[in-house]
Amino acid sequence: MMHLRQLLAIPAGRPLRVLIHARFSTEEQRQSSIDDQVAACRHFIDANLPKGTKPNQVAVDVITEPEVSGEIADRPGINQVWAGIEAKRWDVIIAEESSRLYRHHTKAGELFESAVDAGVRVTLNSDDPPFFHTTLGTEYAKAGLDAAVLRGLTRTAIEASFADAALKARLLGEIDR
């Protein structure tokens, strides 16, 4: 099993606030699709918490959207996500893949940019392809983010990595070219 290079950090003095978002859209899918998405996200969270994390150190909210298309921009569940971002309700938002939030790449990109601007960590999940059935390249393409935002996400990933200082400096220099 692969893990995030930076574990999900527990803030001082309060729990880590996580949102799991799950959605399915067609009659061919069932509630078990949402259950499976939530279970995969919970497993991902558990696998990426620091050792010794106590249950009261993580608060997980779950927003589900059964039988609703990700093509619809104005839906109750996604509107809750937007409101939570604006209120800075979560530290991290996790979904099985970006299309669970929106099918339209521009809307997904807007959501990601708003989350980053609000200080909510955004992870385009590919660190564990068996859980999320995707690749980093696929998720970057789906996100529809502009080059500056992608450079910022990459910069954050490098700074948070376990790479030594020299490698970090070299990689950060490549981004700035």
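On a predicted model such as this, the values are computed, not experimentally measured, just so you know. (Residues numbered from 1 in each chain as written. Predicted model: local features only at pLDDT ≥ 70, side-chain atom pairs only at ≥ 80, totals over all residues. Heavy atoms only, no water.)

1. Topic: the pattern of salt bridges
Then, in step 1: Using the criterion set out here, one finds five salt bridges in the structure.
Then, in step 2: Between lysine 107 and glutamate 110 there is a salt bridge, and its shortest N-O distance comes to 3.3 Å. Taken together, the residues lysine 107 and glutamate 110, both in helix H3 (residues 105–117) and three residues apart, mark about one turn of the helix.
Then, in step 3: Where glutamate 174 meets arginine 170, a salt bridge forms, and the shortest distance between an N and an O atom there is 2.7 Å. One end of the pair is glutamate 174 and the other is arginine 170, both in helix H7 (residues 165–175) and four residues apart, which spans about a single turn.
Then, in step 4: Here the salt bridges share partners, and the residues they tie into one network are Arg14, Arg17 and Asp91. (Salt bridge = Lys/Arg side-chain N within 4 Å of Asp/Glu carboxyl O. Helix = DSSP H or I, 4+ residues; strand = E, 2+ residues; numbered from the N terminus.)

2. A short note on the confidence of the model for the protein
Then, in step 1: Averaged over the protein, the pLDDT score is 80; the fraction of residues at 70 or greater is 77%.
Then, in step 2: Mean pLDDT across the elements of the protein bottoms out in helix H4 (residues 129–132) (55) and peaks in strand E2 (residues 58–65) (96).
Then, in step 3: Throughout residues 1–5 the model reports pLDDT below 50, and contacts reaching past four residues in sequence, or to other chains, amount to 17 contacts. (pLDDT = per-residue confidence, 0-100. Contact = heavy atoms within 4.5 Å.)

3. What about the nonpolar core?
Soluble, globular proteins show a tendency: their nonpolar side chains are buried together.
Then, in step 1: Grouped together as the largest cluster of nonpolar side chains are 16 residues, with contacts concentrated most on Val81, Ile85, Ile93, Leu101 and Leu111.
Then, in step 2: Of all elements in the fold, only helix H2 (76–86), strand E3 (92–95) and H3 reach the threshold of two or more residues within this core.
Then, in step 3: Residue contributions to this core peak at four residues, all from H3.
Then, in step 4: Contact partners of leucine 101, with chain neighbours within four places excluded, come to His21, Arg75, Ile78, Ala95, Leu111 and Phe112.
Then, in step 5: Ile20, Ala22, Ile45 and Val92 belong to the second-largest nonpolar core, a separate cluster that totals 15 residues. (Core = buried A, V, L, I, M, F, W, Y, C linked by side-chain atoms within 4.5 Å. Buried < 20%, exposed > 50% of the residue type's maximum accessible area, 1.4 Å probe, protein only.)

4. Some details on the packing of H2 against H3
Then, in step 1: Between H2 and H3, the least distance of the axes is 9 Å, while the angle of their chain directions is 25°. Classified by the angle between their axes, H2 and H3 sit roughly parallel to one another. For H2 against H3, the interelement crossing comes out left-handed. Residue-level contacts link Ile78, Val81, Trp82 and Ile85 of H2 to Lys107, Glu110, Leu111, Ser114 and Ala115 of H3.
Then, in step 2: By residue class, the composition of the contact of H2 with H3 is six nonpolar, one polar and two charged. (Axes fitted to C-alpha atoms, helices over the stretch in contact; angles between N-to-C directions. Parallel < 35°, antiparallel > 145°, perpendicular 65-115°, else oblique. Left-handed = near helix turned anticlockwise from the far one by under 90°. Nonpolar A, V, L, I, M, F, W, Y, C, P; charged D, E, K, R; others polar.)

5. Details of unusual backbone geometry
Then, in step 1: Phi is positive for glutamate 67, which is not a glycine, with a value near 55°.
Then, in step 2: A residue is classified by how much of its surface remains accessible, and glutamate 67, at 59% relative accessible area, is exposed.
Then, in step 3: A positive phi angle is found at lysine 88, which is not glycine, with a value near 55°.
Then, in step 4: Assignment of secondary structure puts lysine 88 in the loop between H2 and E3.
Then, in step 5: Taking relative accessible area as the criterion, lysine 88 reaches 46% and is therefore assigned partly exposed.

6. Overview of the environment of tyrosine 102
Then, in step 1: Checked against the element boundaries, tyrosine 102 lands in the loop between E3 and H3.
Then, in step 2: Taking C-alpha positions, tyrosine 102 is 9.5 Å from arginine 23, a pair spaced 79 residues apart along the chain.
Then, in step 3: Once residues within four sequence positions are removed from consideration, tyrosine 102 is found in contact with Gly70, Ile72, Ala73, Arg75, Ile78, Trp82, Lys107, Ala108 and Leu111.
Then, in step 4: A polar contact is formed between the side chain of tyrosine 102 and the side chain of tryptophan 82, at a distance of 2.8 Å. (Polar contact = N/O pair within 3.5 Å; in protein donor to acceptor, adjacent residues only side chain to side chain.)

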